[in-house]
Amino acid sequence: MNQLKRLFQLFQFKHVNYQIFVLMIITITIPLLILSVVIYIFSIQSAKNEYQNSSNLILNNLSFNFDQYLRSVEIGALTAHMDSRLQNALENWGKTDSEKDYVQSLEYENAIENFISSIEMTIENVDSVQIFLDNRVFYSSFKRAVYDVTNLSSEEWYQQTMEQKGKIVLFGTHKPFHRPNSDESVISIARVINKSGTRNPLGVLLIDIRLGTLRNILNLSENRNRNFVILDDIGKVVYASDLNQINSNRTFKTNIQIAISDSKEDTGSFYSEVDGVRSFFNYVTSPYSQWTVIQYIEEQEMTKHANLLRQVILWLALFSLAMAMLFMMILYSRVTKPIIFLSKQVKKIGSGKFDVNLSSERQDEFGGLYQGISKMVSDLQVYIERAAYLKAQQQLAHYRALKGQVNPHFLANALESIQMKAIINNQRDIAEMIGLLGHLFRITIQSGKETITVEEELNHIRLYIQVQQMRFGDKIQYLENLAPHSDSIQIVHFSLQPLVENAIVHGLEPKLGHGTLEVSTTIVGKDLLIMIQDNGVGINPKQVQHLRDYLEESSNTLMQKHIGLKNVHEQIRYYFGDKYGVTIDSILGEGTTVTVRIPALS
């Protein structure tokens with residue numbers, strides 16, 4: 001188990017391009033090589049099988065052609081038994097020596113020679129035809145040659161022919177019998193010419209066939225890569241396309257006779273070595289002549305097309321490896337290197353250094369990633385600066401609240417004393433007004449929460465409106481139009497009072513005649529909209545746009561004495577997010593509407 005873990009750790013490369021390279025080798029190159037090797041092995045076997053099948057067909061055709069040719073020669077030799085003139089000439093030649101019989105003897109000789117000439121003309125590729133009668137040899141008058149037949153009866157071929165008593169006898173490649181001046185090898189067919197209807201021998205017919213006959217038959221199949229050997233029934237070489245493989249005793253140098261004998265079949269195949277090269281042999285034995293036709297070829301010649309496939313596979317493997325290397329280089333340049341650079345920049349950002357350069361002209365996913373991270377860094381800087389600013393503002397506001405808490409306490413206590421004095425002096429209106437102011441101060445002091453419900457915030461506003469109505473009388477009318485369940489939603493504490501105060505001071509107070517102030521709520525989706533609307537003097541468009549820009553800009557209000565509308569907007573965005581805050585709409589002479597958007601959270 002530990003060794004397996006170490007093996008996995010060995011291949012846990014740090015860079016992506018190395019991992020993809022190894023993955024590509026494992027998933028593409030290695031399976032491709034395995035598949036190529038399997039295809040190569042099967043192609044070699046297929047090439048061998050195809051060659052063996054074609055070789056067997058060729059040999060069968062060759063054996064058939066040999067048999068047909070030998071049968072045609074045999075038929076020509078059989079005419080000697082049916083030619084009455086030849087029979088008469090052989091039977092009566094040389095019986096008398098008289099002058100009259102001499103003329104007859106010449107006629108007999110002429111009949112024998114004419115028969116020989118007819119065979120030479122009817123059988124293709126016949127080198128010569130001889131008829132041996134005692135110690136005399138007859139041959140064609142068109143061919144002049146020197147024959148030596150002094151020891152005819154002691155010749156081995158003659159004795160074998162006489163023993164067969166009329167059957168065909170085949171003789172493999174040899175120098176012509178009884179022609180000492182002939183160097184061209186031939187094969188021979190011999191038979192005894194018996195008297196018609198008997199087994200009494202009249203002479204011996206010998207037909208010499210040129211080796212060109214065999215070459216013509218093999219010509220369509222024999223080439224420089226394919227070799228043939230023809231063996232007779234005793235294993236002697238009748239014909240060989242490569243004479244360098246023939247021993248002086250007319251045997252094949254490679255001991256193939258044992259393999260042929262062991263098979264005990266007329267056809268077969270085997271592998272053996274020729275001059276140290278492994279070669280494929282196949283053979284067929286003719287049932288007519290008992291000659292064996294052998295074909296052999298080097299094994300590598302059989303599979304040369306498969307070897308070409310092997311080279312193609314090798315180059316394909318090298319090409320695949322080169323492409324994997326090229327892919328790794330491109331991958332490093334286009335993917336890994338940007339990732340490494342991006343990783344370094346992200347680490348730099350994580351350490352608090354925002355001076356990073358992530359500009360890129362790439363239009364692909366990396367270009368979008370660079371731009372996205374660059375924007376994220378920019379937004380992060382703004383967020384950090386803004387958070388720091390709001391935190392400082394909050395601390396300062398808390399400090400101011402603590403500092404100013406003494407004055408409300410003092411004022412609240414003083415107002416209660418004045419209220420008691422007014423009650424004692426029976427001044428009820430003044431006492432009520434002073435009581436409302438004291439209650440308002442108490443609410444401001446007692447609430448230490450950052451967020452309260454809309455209902456609690458409206459209670460504060462209602463007290464403030466009552467104070468203002470005591471001041472202005474019937475000039476200000478206050479209305480509320482609340483959506484169901486909106487009064488339980490949380491809102492930033494003391495965020496509506498400054499907006500109501502602005503509506504009274506800047507909208508309704510300068511107005512001639514009566515004015516109306518309305519606070520309404522509506523729920524839109526997941527948000528709550530609180531509208532503070534007055535029908536006062538309004539604001540001109542230029543000043544409205546200035547207020548809108550002032551709300552959106554990042555100005556420092558820490559040192560300002562009256563932050564008003566801006567402070568409410570910033571506090572809402574701080575607590576609830578940038579999508580929330582204050583918006584203002586106004587028409588000069590008609591009135592102003594300030595809308596507060598907060599999430600509808602109970």
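The model shown is predicted, which means the values in this text are computed figures rather than measured ones. (Residues numbered from 1 in each chain as written. Predicted model: local features only at pLDDT ≥ 70, side-chain atom pairs only at ≥ 80, totals over all residues. Heavy atoms only, no water.)

**Student:** Hey, could you run me through the overall build of the protein in this one?
**Tutor:** The helix and strand inventory of the protein stands at 16 helices and 17 strands. Taking all 602 residues of the protein together, 41% fall into the buried category. Counting every atom, the protein has about 35,300 Å² of accessible surface; 55% of that belongs to carbon and sulfur. (Helix = DSSP H or I, 4+ residues; strand = E, 2+ residues; numbered from the N terminus. Buried < 20%, exposed > 50% of the residue type's maximum accessible area, 1.4 Å probe, protein only. Areas by Shrake-Rupley, 256 points an atom, 1.4 Å probe, with all protein chains shown as cover.)

**Student:** How should I be thinking about the packing of helix α13 (residues 454-472) against helix α14 (residues 497-508) in this particular structure?
**Tutor:** In a pair of packed helices, the angle between the axes and the distance between the axes together describe the arrangement. Orientation of α13 relative to α14, taken along the N-to-C sense of each, is 25°, at an axis distance of 10 Å. On the basis of the axis angle, α13 is roughly parallel to α14. As α13 runs across α14, the sense of the crossing is right-handed. Taking contact as the criterion, the partners of E457, H460, I461, Y464, I465, Q468 and F472 in α13 are, on α14, Q497, V500, E501 and I504. Partitioned by chemical class, the residues of the contact of α13 with α14 number 6 nonpolar, 3 polar and 2 charged. (Axes fitted to C-alpha atoms, helices over the stretch in contact; angles between N-to-C directions. Parallel < 35°, antiparallel > 145°, perpendicular 65-115°, else oblique. Left-handed = near helix turned anticlockwise from the far one by under 90°. Contact = heavy atoms within 4.5 Å. Nonpolar A, V, L, I, M, F, W, Y, C, P; charged D, E, K, R; others polar.)

**Student:** How should I be thinking about the sheet that holds strand β12 (residues 476-481) in this particular structure?
**Tutor:** Across a sheet, strands are paired by hydrogen bonds formed along the backbone, either parallel or antiparallel in direction. Here 5 strands make up an open sheet; going across it, the order is β12-β14-β15-β17-β16 and the pairing mixed. Strands at the two margins of the open sheet, each flanked by one partner only, are β12 and β16 (581-587). The average angle at which neighbouring strand axes cross in this sheet is 15°, direction not considered. The sheet contact formed by β16 and strand β17 (residues 591-599) spans 7 bridges and is antiparallel. Opposite I584, over in β17, you have V594 as the bridge partner. Across the sheet, α13 is in contact with β12, β14 (515-524) and β15 (527-534); its angle to β12 comes to roughly 165°. (Pairing = 2+ DSSP bridges.)

**Student:** Whenever I open this one, empty space enclosed by the protein confuses me. Can you help?
**Tutor:** Remark: the empty space left among the atoms is shown by a probe the size of a water molecule rolled over them. On inspection of all chains with the given rule, the structure shows 1 cavity of 30 Å³ or more. Size it by volume and the largest cavity reaches roughly 40 Å³. If you trace the largest cavity, you find it lined by S63, F66, D67, I230, S286, S289, W291 and V293. In terms of residue count, helix α2 (residues 16-82) provides more of the lining of the largest cavity than any other element does, 3 residues in total. Partitioning the lining of the largest cavity into residue classes produces 4 nonpolar, 3 polar and 1 charged. (1 Å grid on protein atoms, 1.4 Å probe; cavity = no way out; pocket = protein on both sides within 12 Å on 5 of 7 lines; lining within 4 Å. Points joined across faces, edges and corners; volume = space filled by probe spheres on them.)

**Student:** Which parts of the structure should I look at to understand unusual backbone geometry?
**Tutor:** The backbone of K165 sits at a positive phi, close to 55°, despite the residue not being glycine. Checked against the element boundaries, K165 lands in the loop between α5 (156-164) and β3 (169-174). For H485, which is not a glycine, the phi torsion comes out positive at approximately 65°. Within the secondary structure, H485 is located in the loop between β12 and β13 (490-492). Exposure remark for H485: the relative accessible area of 69% places this residue in the exposed category.

**Student:** When you look at the nonpolar core in this model, what are you seeing that I'm missing?
**Tutor:** In a soluble, globular protein the nonpolar side chains are often hidden away together inside. Residues L90, I112, I131, L205 and I207 are the most contacted members of the largest nonpolar core, which totals 39 residues. Broken down by secondary-structure element, the contributors of at least two residues to this core are α2, α3 (84-92), α4 (99-122), β1 (126-133), β4 (186-194), β5 (201-210), β6 (227-231) and β7 (237-240). Among the elements that line this core, the one with the most residues is α2, at 8 residues. Counting residues in each nonpolar core, the second largest holds 35 residues, with I452, V454, L551 and V594 among its members. (Core = buried A, V, L, I, M, F, W, Y, C linked by side-chain atoms within 4.5 Å.)

**Student:** What is the right way to read the packing of aromatic side chains from this model?
**Tutor:** This model, assessed by the stated rule, comprises 10 aromatic pairs. Look at Y574 and Y575: their rings are 5.4 Å apart centre to centre, the planes differ by 75°, and that puts the pair in the edge-to-face class. Note on F576 and Y580: the rings are 6.4 Å apart at their centroids and 75° apart in plane angle, and the pair reads as edge-to-face. Overall, Y580 belongs to the buried group, its relative accessible area being 11%. Site record: aromatic cluster; members linked through ring pairs are F132, W157, Y158, F171 and F177. (Phe/Tyr/Trp six-rings, centres within 6.5 Å; stacked < 30°, edge-to-face > 60°.)

**Student:** Is there a simple way to think about α5 in this case?
**Tutor:** For an α-helix, the turn length of 3.6 residues means that residues three or four places apart are oriented alike. Those residues of α5 not exposed but buried are W157, Y158 and T161. Seen from one end, α5 has its buried residues packed into an arc of 100°, which puts them on one side. Opposite the buried face of α5, by more than 90 degrees, sit the exposed residues E156 and E163. Lining the buried residues of α5 we find β1, β3, β4 and β5. After α5 finishes, the residue K165 shows a positive phi value of roughly 55°. (Arc of directions from axis to C-beta.)

**Student:** Can you help me understand the pattern of salt bridges in this one?
**Tutor:** Oppositely charged side chains are able to pair whenever their charged atoms sit close together. Taken as a whole and judged by the stated rule, the model has 7 salt bridges. Residue E480 is joined to R462 by a salt bridge in which the shortest nitrogen-to-oxygen separation is 2.8 Å. Residue E480 is found in strand β12, and its partner R462 is found in helix α13; the two are separated by 18 residues along the sequence. Since its relative accessible area comes to 32%, E480 is described here as partly exposed. Taking relative accessible area as the criterion, R462 reaches 24% and is therefore assigned partly exposed. Where salt bridges share partners, they join E455, R462 and E480 into one cluster. (Salt bridge = Lys/Arg side-chain N within 4 Å of Asp/Glu carboxyl O.)

**Student:** Would you take a moment to explain the sheet that holds β7 for this structure?
**Tutor:** Pairing within the open sheet is antiparallel, and its 5 strands lie in the order β7-β6-β10-β9-β8. Single-partner strands in this sheet number two, and they are β7 and β8 (267-274). Neighbour-to-neighbour, the strand axes of this sheet turn through a mean angle of 20°, independent of strand direction. The pairing of β6 with strand β10 (residues 292-298) spans 5 bridges and is antiparallel. Note that in β10 the partner of N227 across the bridge is Y296.

Read these as spatial facts, not as claims about activity.
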